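Survey of secondary and tertiary structure
Residues per chain are reported as follows:
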Amino acid sequence: MSDIQNQVSHSAATEPTAMAQAGNTVPTATEHVGTDGPLGYPALKPEAALAADSPSESITTEPVEARHGKDAGAATSEPIHSGALGYKAPGLMKSFKFSKRYFWLGDEPVKEQHLSYYLRGEKPEVAHPIVAWASQTGKGLLYFAKHADGKNNPTSVINLSEVSGIVKEGEGHFSFKLHGHKHTFQAGSATDRDGWVAAIEKAAQEAKASREHILSSTGYKDSISHL
């Protein structure tokens, strides 16, 4: 009986020593050491602490709405080259209210016979240079008529190489000046207005760049001499 008691006492005495030896083990560099682990063992760090110890790629915290707002702001309206607009011509009587007209930006040359209405209604010193320009190219010219079916015989033409101060006004308006006189336009929406402004600005820029070349061309000189 005493032998059994001695064995039990010896086992109980050696067990804490083994645990102490295990507790004195030096952790490696990859182990996470704490002070409150059970039975003296190293405590595992919480998951958040482990993430903080290890380098990671930065994560953007910018709200989704903000990112979408940036993308939306970068978008631009598609240019509009033809359509109906409200129009206020220069002059006291014409500037009280908008009159609906159909406008389009030119591209191809237009023969003199298709500008007969314009020639009859405009002063020669204004109309002849524009008709001669149109005989060479329609680019840089803003045509308009009362209705869309009048595209073959426009009632008026503006040479965009001579305009200045193209500006947006209000919700759907824009204007420019021609020889110091203000021409104002009314689109159906701000988006449509922006599309018209984009197209007219580009056409005006190209017309100004090619103006000298057109005016000095033989075709332009021949055309204006026969008017």
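Reading the values: rules and limits
Per-chain numbering applies: the sequence of each chain, read as written, is numbered from 1 onward. Since the coordinates come from a predicted model, pLDDT governs what is reported: local features require at least 70, and pairs of side-chain atoms require 80 or more to be given and counted, while whole-chain, interface and lining totals use all residues. Based on all heavy atoms of the structure, the side-chain values leave hydrogens and waters out of the count. Accessibility here uses a 1.4 Å probe with only protein chains present; expressed as a share of the type maximum, an area under 20% marks a residue as buried, one over 50% as exposed, and anything in between as partly exposed. Only DSSP runs of H or I reaching four residues or more are called helices, and only runs of E reaching two or more are called strands; each is numbered from the N terminus. Note on pairing: two strands pair once DSSP finds at least 2 bridges between them. The span one expects for a helix is its residue count, reduced by one, times 1.5 Å. Only the stretch in contact is used when a helix axis is fitted, and all axes are lines through C-alpha atoms; the angle between N-to-C directions ranges over 0 to 180 degrees. Pairs of residues are marked as contacts when any of their non-hydrogen atoms sit within 4.5 Å. To define a nonpolar core, start from buried Ala, Val, Leu, Ile, Met, Phe, Trp, Tyr and Cys residues and group those joined through side-chain atoms within 4.5 Å.

Identification of the protein chain as PH domain-containing protein from Cryomyces antarcticus is taken from an unreviewed UniProt entry.

1. A word on the pairing of strand 4 (residues 156-159)
Both faces of strand 4 are covered, namely the face carrying Ser156 and Ile158 and the face carrying Val157 and Asn159. Here four bridges tie strand 3 (residues 141-145) to strand 4, and the two strands are oriented antiparallel to one another. Residue pairing across strands places tyrosine 143 opposite valine 157, the latter belonging to strand 4.

2. Remarks on helix 6 (residues 190-215)
Over its 26 residues, helix 6 runs 36 Å from end to end, which matches the ideal 38 Å to within 8%, given 1.5 Å per residue. For helix 6, every residue scored as buried is listed here: Arg193, Gly195, Trp196, Val197, Ala199, Ile200, Ala203, Ala204, Ala207 and Ile214.

3. Re the environment of glutamate 122
Along the chain, glutamate 122 falls in the loop between helix 4 (116-121) and helix 5 (124-136). Residues glutamate 122 and valine 157, spaced 35 residues apart in sequence, show a C-alpha to C-alpha distance of 9.6 Å.

4. Regarding the sheet that holds strand 6 (residues 173-178)
Read across the sheet, seven strands follow the order 4-3-2-1-7-6-5 without closing on themselves; strand pairing throughout is antiparallel. Lying at the two open borders of the sheet, with one neighbouring strand each, are strand 4 and strand 5 (163-169). Neighbour-to-neighbour, the strand axes of this sheet turn through a mean angle of 30°, independent of strand direction. Contacting strand 1 (82-88), strand 2 (99-105), strand 3, strand 4, strand 5 and strand 6, helix 6 crosses the sheet at an angle of about 170° to strand 5.

5. Digging into the pairing of strand 5
Looking at chain direction, strand 5 and strand 6 are connected through five bridges and run antiparallel. Residue glutamate 169 lies in a different strand from strand 6, and its bridge partner there is histidine 173. The antiparallel hairpin formed by strand 5 and strand 6 contains three residues in its connecting segment, where glycine 170 sits at a positive phi of about 60°.

6. Brief notes about the nonpolar core
Among the nonpolar cores identified, the biggest contains 23 residues, and Leu142 and Leu160 are the most heavily contacted of them. Only strand 1, strand 2, strand 3, strand 5, strand 6 and helix 6 provide two or more residues apiece to this core. The element best represented in this core is helix 6, accounting for six residues. When neighbours within four sequence positions are excluded, leucine 142 is seen to be in contact with Phe103, Trp104, Leu105, Ser156, Val157, Ile158, Leu160, Phe176, Phe185 and Ile200.

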